[in-house]
Every structure is written in structure tokens, then in C-alpha cells.
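Structural overview for review
Residues per chain are reported as follows:
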2 protein chains.
Amino acid sequence: MKKLQNIFYAQSGGVTAVINATACGLIQAARENSDKIGKVLAGHNGILGALREELIDTSLETDEAINSLLYTPGGAFGSCRYKLKAADGNTAEYERLFEVFKAHNIAYFFYNGGNDSQDTTLKISEMSQRLGYPLVCIGIPKTIDNDLPLTDNCPGFGSVAKYITTSIREGAFDVASMAATSTQVFIMEVMGREAGWIAAAGGLAAEKKGDAPHIILFPEIPFDEPKFLAKVTDCIKKYSSCAIIVSEGLRNQQGNYLVESTKTDAFGHHQLGGIAPVIADIITRNLSYKCHYAVCDYLQRSARHLASQTDLVQAYSLGSAAIDLVLKGADGIMLTIERKSSEPYEWAIGTAPLSKVANAEKYLPRDYIDKEGFGISKKGREYFLPLIQGEAYPPYKNGMPDYGGKLQFKKVKKCLA
Amino acid sequence: MKKLQNIFYAQSGGVTAVINATACGLIQAARENSDKIGKVLAGHNGILGALREELIDTSLETDEAINSLLYTPGGAFGSCRYKLKAADGNTAEYERLFEVFKAHNIAYFFYNGGNDSQDTTLKISEMSQRLGYPLVCIGIPKTIDNDLPLTDNCPGFGSVAKYITTSIREGAFDVASMAATSTQVFIMEVMGREAGWIAAAGGLAAEKKGDAPHIILFPEIPFDEPKFLAKVTDCIKKYSSCAIIVSEGLRNQQGNYLVESTKTDAFGHHQLGGIAPVIADIITRNLSYKCHYAVCDYLQRSARHLASQTDLVQAYSLGSAAIDLVLKGADGIMLTIERKSSEPYEWAIGTAPLSKVANAEKYLPRDYIDKEGFGISKKGREYFLPLIQGEAYPPYKNGMPDYGGKLQFKKVKKCLA
């Protein structure tokens with residue numbers, strides 16, 4: 001009997017509230033096909049797990065432990081921000097990877113990540129051909145940024161969108177109560193370095209005239225201070241209080257970030273953040289309104305307690321479908337979500353060539369933003385609304401979400417130097 | 001038949017996720033006793049509603065609308081931060097108040113607030129005797145700060161505690177995933193100007209060794225930078241990542257706030273905030289770890305989507321009990337929560353004289369903090385744990401919590417100048 005070939009699965013880039021649901025779907029589908037496919041070995045900290053031969057043997061986990069991945073935020077197996085060197089300059093790193101794959105009988109490579117991660121998947125796919133080591137390479141999308149091309153949306157994004165809409169609505173109810181004698185403006189800072197997908201999704205909360213958010217500051221719309229201050233003044237006049245969503249990627253008229261630290265990550269991206277107090281300061285200096293601000297940061301992308309059921313189902317289904325697809329011969333592709341209809345919402349899983357998704361970004365269409373530039377359009381609302389539907393509460397224990405704790409994370413014994 | 005006398009009810013100070021549940025309990029109890037007691041007239045924006053004769057007639061609201069108060073965050077009738085002048089210097093303000101009460105046949109005054117608000121209740125109670133206008137004055141506790149004396153805990157606090165424990169746990173799962181190649185430290189800033197109740201409650205999430213929060217920075221423990229940096233280093237060494245809760249009220253060895261703006265509110269309290277980036281900067285400068293930080297601000301106290309069922313039940317019960325108590329002759333008191341037992345958790349509603357609660361603060365006992373000063377003790381855990389038990393999800397519509405929208409807020413016709 002031929003020995004079944006194993007799977008390498010890893011999580012990469014910024015994590016989400018539902019990336020582990022993808023792992024859950026993939027591992028459960030592999031278990032259901034245990035006559036055709038071997039073990040799922042999960043890389044500890046993404047591709048680093050392969051480079052360092054740190055492989056978590058998921059076959060040693062109980063069904064219950066695997067199931068707990070459905071409701072655990074973060075990247076259970078560890079993620080990484082690590083860019084493989086261009087293949088031309090340095091093949092040593094790739095040789096090491098394939099040495100590890102060979103040593104552990106790995107024939108399938110599943111990489112669960114965003115733009116930068118799909119670049120890794122593509123490079124490994126190309127190198128597998130160059131080195132003559134057959135390796136089925138599949139990208140599984142994941143990014144709260146929602147900026148992967150050729151997929152209608154990205155798993156992780158729907159849950160952030162639900163968190164942001166809920167949070168701006170709650171914060172707005174608070175500031176509305178306080179406005180008579182105290183705080184009149186509430187500012188909430190959200191992620192989104194290059195594109196305003198997250199900020200825009202928050203616009204869903206404004207269902208009727210006067211609802212929060214009253215103002216969204218998008219990276220796509222250069223910050224126009226006088227126009228912004230006039231809008232804030234108008235809001236206070238009409239509604240007594242004003243709730244604002246500001247994207248960390250807000251830029252000035254010259255196209256530069258309003259706030260930018262000097263630190264960069266492994267991919268050369270600047271670390272942003274701290275825009276909310278800047279906006280608060282602009283308002284207080286010019287209009288004397290008292291402001292409060294929140295910075296959501298990791299809370300927005302790890303809020304599994306408020307995950308979108310739609311997002312969770314898609315994340316899980318992509319993991320499961322990845323196994324089905326490779327059993328049917330798929331290779332060199334990233335799975336995608338195809339929208340068939342917005343109302344009623346219907347979707348299916350599709351595929352796109354890795355070469356077309358790696359390092360590419362999908363920007364927020366201008367027509368998802370309304371004409372004035374402080375809110376979303378009807379078209380934007382139609383796009384975002386299905387993604388936040390349904391609540392997917394985790395189990396609670398002692399009054400707190402019962403995350404983790406069931407997985408053993410036992411590593412495969414190393415056999416290389 | 002004698003005309004039934006009306007109730008004035010108002011919300012005051014910083015609002016909470018469950019203050020409207022108190023309003024709901026009070027209005028429903030008044031409706032059940034419509035043979036003994038008149039209408040509930042809610043002050044628009046706290047005591048200002050009385051001063052300006054802006055009274056919302058809750059009798060015009062449907063039962064469904066009143067019930068929706070159970071799951072709506074913020075102060076539905078508007079809150080205020082407004083300090084009545086000392087009675088000696090200026091009686092005009094008080095005369096105006098009693099003129100309004102008389103004009104609207106008001107014989108009961110219920111003020112739903114924290115320390116400063118109970119000062120207002122006491123002053124009005126005293127003035128009612130001086131001016132010879134019989135007014136039953138009742139304080140109903142509410143403050144996320146949990147610092148009212150003579151009550152075991154304060155409604156609103158349990159829900160913040162649940163939000164903070166959940167959020168630090170979720171943020172910690174995120175940073176743990178990222179630590180291999182990127183962010184190693186996650187810092188979450190929480191409220192608590194004078195006392196570390198909120199920061200301490202977050203300690204509940206650390207159920208076993210290595211769990212987040214790894215470090216809590218309390219206002220009660222003067223910030224010792226070298227000791228703190230050593231602790232961060234130790235955490236990273238042991239757990240690869242470090243999750244920190246920092247209270248906005250953190251003070252240095254000289255007793256001054258680490259971060260303080262020059263702005264003050266109506267009560268002379270300094271507006272704080274912005275401590276998280278300061279802590280991040282201290283870590284990065286000294287230890288070079290990459291940090292991320294979140295500022296919870298209003299989100300922590302308005303997060304009705306994550307309210308504690310225990311907190312909700314207590315908030316509702318206090319409103320309901322307030323009516324029962326005045327029908328039994330109570331006056332000049334604030335309602336309290338008395339803890340009978342922590343395990344199993346048993347509590348009852350009690351009372352305390354207004355004179356003993358007004359302007360007094362209850363500090364976090366030192367023995368709720370552990371010896372090292374970065375976490376909570378067993379005693380602290382016993383105190384906090386019951387307060388976050390149970391989930392009380394709001395209804396959702398279109399994927400978002402369905403807050404507000406059912407109340408009409410019709411005001412009583414003014415009859416004074």
C-alpha cells in the first residue's frame with residue numbers, strides 16, 4: 001500500500017477572528033478523506049515552521065480540540081510576517097523548505113493569508129517546478145483588510161465589519177447621552193492601511209438620517225480640514241453629538257499619511273496608528289467641542305465574541321473546500337468567494353491563479369463612498385450588508401469566552417539538522 | 001379621588017451599558033402600581049431636564065418601547081455632568097427646581113448616578129425640607145467606576161468588567177500569534193480615574209499561569225519603570241508575548257498622573273487618556289519590542305452587546321425596587337447591593353443614607369491586588385467573578401444590535417416661563 005502524503009498548512013500575516021475556522025474546516029475535511037490524504041502538519045508560526053522544521057502534528061489532536069478552532073480567535077498555530085527572498089538571489093532558503101517537505105512526506109502546501117502571504121505561496125509553487133519536487137500549492141484567503149483581488153471578499157473582514165458597526169453604534173449612543181454638558185464628539189480609529197474597506201463597512205450602522213457614524217474619514221478621500229470642520233459643526237447643530245470613524249490610513253491633500261511612525265514591518269509597510277487623537281485635537285482647537293476617542297487596534301480583528309456567522313461559515317468552507325479541490329487536482333490557485341447575488345445573498349467558492357493575486361491589492365471602489373465623501377453609498381451598503389449577517393457566539397465559561405485550552409500542539413520529531 | 005403624584009426620574013454622569021435597564025425596571029414597576037403612583041416624567045439630560053422644564057412623559061410610550069430600554073446602551077433620556085450650587089450661596093436654582101416639581105405634581109425624585117450625582121440627590125433632599133416642599137428623594141446607584149461606598153458593587157461595572165476580560169483575552173490571542181516575527185506586546189488602556197476597579201476586573205481573564213493579562217498597571221501602585229520593564233522582559237522570555245492592561249489613572253512615584261490633559265470637567269476632574277501610547281513608547285525605547293495598543297474609551301462602557309446578565313438583572317432590579325421602597329415610605333436613601341455570599345453568589349437590595357454616599361469614593365482594597373502588584377489576588381478574584389456571569393445578548397437586526405428607535409420621547413407641555 002502506498003504511503004499517504006501529508007499536508008503542510010500554515011497561517012500567515014495579521015490574524016483574524018475566524019482564521020482558525022479555516023484551519024478547522026481543512027483539518028476536518030482531511031480527516032474525512034483519510035483514505036486519500038495523510039496528516040495535516042501545521043507550521044508553527046507560518047512558513048517559519050517549515051524553515052525551522054517546527055511542525056505541529058494535528059493528527060494527535062482530539063476531534064473536540066479541532067472543533068474548538070471554530071471559536072478561537074488569533075492564529076492558533078502561530079502566524080508570521082516573513083518575506084521569502086527572491087528565488088534568483090538565494091535558493092538556500094527554498095532548498096531548506098523542500099528538504100523539510102521531503103523529510104516529512106509533504107506533497108500539499110496550503111498557505112492561509114493575505115496579499116504578502118500569497119506571494120509566498122506563488123514563489124514556493126514556482127520553485128517546486130524548478131527544483132522538480134512535486135508540491136501542490138494552494139492559497140486560502142484571509143485578511144481583515146479585504147483587499148485581495150479576484151475574491152469578492154476575504155474571510156476575517158465580515159467579522160471586523162460587524163465589530164466596527166456595533167462599536168460605532170454603541171459609542172454613538174454613549175456620546176449622544178453626554179452631549180448636553182460634556183463630550184460632544186466620539187472618534188473611533190479603525191485599521192486599513194491602504195484601503196478604506198473597514199472604515200466603509202462601519203457606515204452600515206447609519207441606517208437612517210442622523211444615525212452614527214455621522215462622518216467617516218476614508219484613506220481614499222484626501223483630508224480637507226475646513227470641509228471636515230464644517231461637517232462636524234453641522235452634525236452638532238443637527239444632532240447635538242457627532243460620531244466619527246477614522247481610518248489609520250487617512251492621508252492629506254499631498255497624499256501623505258496624517259500620522260506615520262518611522263517603524264516598518266518585514267514587508268516595508270509603515271506601522272500606523274494614533275490618528276484618532278490628532279483628529280480630536282483638530283476639532284478641539286478649532287471648534288472647542290469636547291472629544292473622546294477609542295483606538296480599536298487588535299480588538300477589532302480578534303473579537304470572536306462578535307463574529308459574523310456569514311464570515312465564519314465562509315472561513316470554514318474555504319478550508320474544507322481546499323481539501324476537496326486538491327483531491328480533484330487543483331494546484332497553483334487561491335480559493336475565492338464569488339458573489340452570485342446580494343439580495344438574497346448567494347455565494348460560491350471559486351478559484352484564481354496565484355500569479356494573479358500575489359502582491360496585488362483591491363481598492364475600495366470610489367462609488368462605494370457617497371458623493372460628499374463622508375459616508376457610504378447605496379452600492380457600498382449592498383456590498384457590505386450580507387457580510388455581517390448572523391451571530392456566531394462562542395461558548396462561555398466563568399463569564400468569559402472559553403477560547404483555546406483544548407489543543408496540545410505536539411510537534412513532529414525533527415529529523416534534520 | 002385624590003390625584004396621583006408623579007415621579008421625576010433622571011440619569012446623571014457617565015452612562016453605562018445597563019443604566020436604561022434601571023429606567024426600565026422603575027417605569028415598569030410604576031406602571032404596575034398605577035393605582036398608587038402617577039406618571040414617570042424623565043428629565044431630559046438629567047437634572048437639567050428639571051431646571052429647563054424639559055420632561056419626557058414616559059406614560060406615552062408603549063410597553064414594547066419601555067421594554068426596549070432593557071437592551072439599549074447609553075442614557076436614553078440624556079445624561080448630564082452638572083453640579084448644583086451650594087444651597088447657601090444661591091437658592092434661585094433650587095427654587096426653580098421646586099417650581100417645576102410643583103407645576104408637574106412631582107412628589108418623587110429618583111436620581112440614577114454615581115458619586116457626584118448622589119451629591120445632587122442629597123442637596124435636593126435637604127432643600128425639600130428647607131423649602132417645605134415634601135419630595136421623596138432616592139438615589140439609584142450607577143457607575144462603571146464601581147466606587148460608590150456602602151454598596152457591594154455598582155450597576156454598569158459588571159458589564160465593563162465582562163468587556164475588559166473578554167477584550168484582553170482576545171487581544172492576547174492575537175498578539176501571541178504575531179509574536180514570532182512582529183508584535184510582541186499588546187497594551188489595552190481602560191478607564192478608572194481614581195481607582196483601579198476596572199483594570200483589576202480584567203485580571204479575571206488570567207485563570208492560569210501564563211494567561212493574559214500578564215501585567216496590570218493599577219492607579220493604586222505607583223509606576224516603577226525598572227520593575228515594569230523587568231516584568232515585561234520576563235513575560236516575553238516565558239510566553240513569547242505580553243498582554244498589558246493599563247489604567248488611565250496610572251500615577252508615578254510622586255503621585256501624579258503619568259498622562260494628564262489640562263482640561264477639566266464640570267466637577268473639576270481632569271480628563272485623562274492617552275496612557276497606552278506612553279507605555280508602548282517606554283517599552284519600545286528600552287526593550288525594542290514591537291507594541292500595539294488599544295484605547296477602549298466609551299466602547300467599554302457602552303458595549304451592551306457583551307453585557308453581563310448579572311449586571312443587567314441588578315440594574316433592572318434596583319429600578320424596580322426603588323418604586324417598591326418609596327411605596328413603603330423610604331426617603332433620603334440610596335439603594336445598594338448587598339453581597340450575601342460569593343460562592344454561590346447571593347445578593348439582596350439594601351439601602352444607605354444619602355448623606356453617607358454623596359461625594360464619597362470607595363477605593364480598590366490593596367488586598368485585591370497581588371503582592372507583586374501586577375495582578376489580582378484570590379480575594380480580588382472572588383469579589384469580581386460573580387459580577388461578569390451570564391450573557392445578555394440584545395436582539396439583532398440587519399446583523400447589528402437593534403438599539404433604540406422605539407421610544408417617542410414626547411415632552412410634557414411646558415407651563416412655566
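See the structure above.
Let me sum up the structure you'll find in this document. (Residues numbered from 1 in each chain as written. Chains lettered and ligands numbered in written order. Predicted model: local features only at pLDDT ≥ 70, side-chain atom pairs only at ≥ 80, totals over all residues. Heavy atoms only, no water.)

Residues and elements named next belong to chain A. Burial of the side chains of strand E2 (residues 40-43) extends over both faces: Val40 and Ala42 are buried on one face and Leu41 and Gly43 on the other. Pairing of strand E1 (residues 6-11) with E2 involves 3 bridges; the strand directions are parallel. Residue pairing across strands places tyrosine 9 opposite alanine 42, the latter belonging to E2. In this region the chain leaves E1, passes through helix H1 (residues 19-32) and returns to the parallel neighbour E2; the handedness of that crossover is right-handed. Inspection of the sheet shows E2 paired to strand E3 (residues 55-57) by 3 bridges, in the antiparallel sense. Looking across to E3, one finds that alanine 42 is bridged to isoleucine 56. (Buried < 20%, exposed > 50% of the residue type's maximum accessible area, 1.4 Å probe, protein only. Helix = DSSP H or I, 4+ residues; strand = E, 2+ residues; numbered from the N terminus. Pairing = 2+ DSSP bridges. Right-handed = clockwise from strand over helix to strand, strands pointing away.)

With that out of the way, let us pick up unusual backbone geometry. Cis geometry is found at the peptide bond from A:Ala212 to A:Pro213, where omega equals -5°. With respect to the element layout, A:Pro213 can be found in the loop between helix H7 (197-201) and strand E7 (215-217). A cis geometry characterises the amide bond from B:Glu343 onward to B:Pro344, with omega recorded as 0°. Not every positive phi belongs to a glycine, and A:Asn45 is a case in point at roughly 65°. Locating A:Asn45 in the fold gives a position in the loop between E2 and helix H2 (47-51). The phi torsion at B:Ser288 lies on the positive side, around 65°, for a residue other than glycine. Mapped onto the secondary structure, B:Ser288 falls in the loop between helix H9 (275-287) and strand E9 (291-295). Among the residues examined, B:Ser288 registers a relative accessible area of 60% and is labelled exposed.

Looking at the secondary structure, you find B:Ser182 in the loop between helix H6 (157-178) and strand E6 (185-190). Residue B:Ser182 is classed as buried on the basis of its relative accessible area, which comes to 8%. For B:Ser182, the residues in contact, after removing those within four places along its chain, are A:Arg81 and B:Lys290. (Contact = heavy atoms within 4.5 Å.)

Each of the two chain copies can be brought onto the other by rotation about an axis and movement along it. Structural alignment of chain B on chain A gives an RMSD of 0.0 Å, achieved by rotating through 180° and translating 0.0 Å along the axis. Taken together, the rotation and translation describe the operation of a two-fold axis. Of every C-alpha in chain B, the one belonging to B:Val295 sits nearest the axis of rotation, 2.3 Å from it. Take the interface residues of chain B: 100% of them recur as interface residues in chain A, which is what a same-surface contact looks like. (Least-squares fit on C-alpha atoms with pLDDT ≥ 70 in both.)

All names here are of chain B. Following both chains from N to C, one finds helix H8 (residues 225-239) and H9 inclined at 75°, their axes separated by 11 Å at the closest point. Taken together, the axis directions place H8 and H9 in an arrangement best described as roughly perpendicular. On the side of H8, the interface is formed by Glu225, Phe228, Leu229, Val232 and Thr233, while H9 contributes Ile279, Ile282, Ile283, Asn286 and Leu287. For the contact of H8 with H9, a count of residues per class yields 7 nonpolar, 2 polar and 1 charged. (Axes fitted to C-alpha atoms, helices over the stretch in contact; angles between N-to-C directions. Parallel < 35°, antiparallel > 145°, perpendicular 65-115°, else oblique. Nonpolar A, V, L, I, M, F, W, Y, C, P; charged D, E, K, R; others polar.)

Many descriptions give the size of an interface as the accessible area lost when the pieces come together. Each partner contributes to the interface: chain B provides 69 residues, whereas chain A provides 69 residues. When the area that chain B buries against chain A is broken down by residue, the three leading residues are B:Glu170, B:Tyr298 and B:Met400, summing to 13%. Linking chain B to chain A there are 2 salt bridges. Notably, a salt bridge pairs B:Arg301 with A:Asp174, separated by 2.7 Å at the nearest N-O pair. Inspection of the chain B/chain A interface yields 33 residue pairs in polar contact (both at pLDDT 80 or more). Broken down by secondary-structure element, the contributors of at least two residues to the side of chain B that touches chain A are H6, E6, E9, helix H10 (298-302) and strand E13 (400-401) of chain B. Sort the elements by how many residues they give to the side of chain B that touches chain A and H6(B) lands first, with 13 residues. In terms of residue class, the side of chain B that touches chain A is made up of 30 nonpolar, 26 polar and 13 charged. (Buried area = accessible area lost by both parts, 1.4 Å probe. Salt bridge = Lys/Arg side-chain N within 4 Å of Asp/Glu carboxyl O. Polar contact = N/O pair within 3.5 Å; in protein donor to acceptor, adjacent residues only side chain to side chain.)

A separate point is the packing of aromatic side chains. Under the counting rule described, the total for this entry stands at 37 aromatic pairs over all chains. Centre to centre, the rings of A:Tyr393 and B:Tyr393 are 3.5 Å apart; their planes meet at 10°, and the pair counts as stacked. With A:Tyr393 in the loop between helix H13 (378-384) and strand E12 (396-397) and B:Tyr393 in the loop between helix H13 (378-384) and strand E12 (396-397), this residue pair bridges two chains. One aromatic cluster in this structure is built from A:Phe8, A:Phe98, A:Phe101, A:Phe109, A:Tyr111 and A:Tyr133. (Phe/Tyr/Trp six-rings, centres within 6.5 Å; stacked < 30°, edge-to-face > 60°.)

Residue and element names in this part refer to chain A. Note on placement: glycine 139 falls in strand E5 (residues 136-141). For the pair glycine 139 and serine 117, spaced 22 residues apart in sequence, the C-alpha to C-alpha distance is 8.2 Å. The residues contacting glycine 139, other than those within four sequence positions of it, are Tyr111, Gln118, Thr121, Ile333, Met334, Leu335 and Leu354.

Residues and elements named next belong to chain B. Pairing is mixed in the open sheet, where 7 strands are placed in the order E3-E2-E1-E4-E5-E10-E11. This sheet does not close on itself; its edge strands, each paired only once, are strand E3 (55-57) and strand E11 (345-353). With direction set aside, neighbouring strand axes in the sheet form an average angle of 30°. Taken together, the 2 bridges between strand E5 (residues 136-141) and strand E10 (residues 333-342) define a ladder with parallel strand orientation.

What follows concerns helix H9 (residues 275-287) of chain A. Residue and element names in this part refer to chain A. Between its first and last C-alpha, H9 extends 18 Å over 13 residues, near the 18 Å set by a 1.5 Å rise per residue. Taken as a whole, H9 has its buried residues at Ile275, Ala276, Ile279, Ala280, Ile282 and Ile283. End-on view of H9: buried residues confined to an arc of 160°, all on one side of the axis. As for H9, its buried residues are in contact with strand E6 (185-190), E7, helix H8 (225-239), strand E8 (242-247) and strand E9 (291-295). The positive-phi residue at the C-terminal boundary of H9 is serine 288, with phi of around 65°. (Expected span 1.5 Å × (residues − 1). Arc of directions from axis to C-beta.)

So far we have only geometry, and geometry alone does not tell us how the molecule works.
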